[in-house]
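For reference, the chains in residue letters:
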Amino acid sequence: MKGYLYRIARADAARIHELVREVVTLPCWSFGGAALWDLDPDKGTDNLRPVKALGRPEDLDLRGDFGHIFSSRAEVRWKRRDDGAYDVLVLSEQPLSIAGAQTVGEAWDVEKHPVRKMIQTGQYPPLTYLTYYAPNGAAQLVRYSHPEVTP
């Protein structure tokens, strides 16, 4: 299978919400947290938000320094650049036309792992995932997909 990677070097919160509606679509899941800008060392692991079902794109929580939102269709991940902008990557197994995005490399080789799951702590369901391989065959990125249960 082939995968496609797109980058928007500078996006605002409204643009990320637009990508959720147009690229990821519902049902979808999200997680994120603080690792630099908003990190509070006294909070420990509470600096991270667990994977959570998203009922509406407007419910997306962009607090913190990074985040992921994903479905079986695509994943949008972001890293905070400053107080008003994010560096965004979009991963999908179908070619997309995304205004203002640059394609990163050619089509990537992708392996889906339907049997192996990423196990989460607590009562959260396991996640399925896909591995994106660089042209030299090295595993480069892991794209999250949907949990076994619907939100």
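Residue numbering note: each chain is counted from 1, following its sequence as written. Where totals are concerned, whole chains, interfaces and linings use all residues; where local detail is concerned, this predicted model gives features only for residues with pLDDT of at least 70, and gives and counts side-chain atom pairs only at 80 or more. Excluding hydrogens and water, the side-chain values take into account all heavy atoms of the structure.

Caption draft 1: Representation of the pairing of strand β6 (residues 86–92) within the structure. The buried fraction of β6 is high, at six of seven residues. Sheet analysis places strand β1 (residues 2–11) next to β6, joined by six bridges and oriented antiparallel. Each bridged residue has a counterpart across the sheet, and for arginine 7 the counterpart in β6 is leucine 89. A loop of five residues connects strand β5 (residues 74–80) with β6, the two strands running antiparallel in sequence. With a 1.4 Å probe rolled over the protein chains alone, any residue whose accessible area is under 20% of its type maximum counts as buried; one over 50% counts as exposed, and the rest are partly exposed. For helices the rule is a DSSP run of H or I covering at least 4 residues; for strands it is a run of E covering at least 2, with both sets numbered from the N terminus onward. At least two bridges found by DSSP between two strands is the condition for calling them paired.

Caption draft 2: Region of the structure containing the packing of aromatic side chains. For this analysis, a ring pair means two rings from Phe, Tyr or Trp (six-membered ring only for Trp) whose centres lie within 6.5 Å, classed as stacked if their planes differ by under 30 degrees, edge-to-face if by over 60, and tilted for the remaining angles. Considering all chains together, one arrives at five aromatic pairs under this definition. Here tryptophan 108 and tyrosine 132 contribute two aromatic rings whose centre-to-centre distance is 6.4 Å and whose plane-to-plane angle is 55 degrees, an arrangement assigned as tilted. Pair noted here: tryptophan 108 is in strand β8 (residues 108–112) and tyrosine 132 is in strand β9 (residues 127–133), with a separation of 24 residues, a long-range link. Assigned by exposure class, tryptophan 108 and tyrosine 132 land together as buried. Taken together, Trp29, Phe31, Phe70 and Tyr144 form an aromatic cluster joined through their ring pairs.

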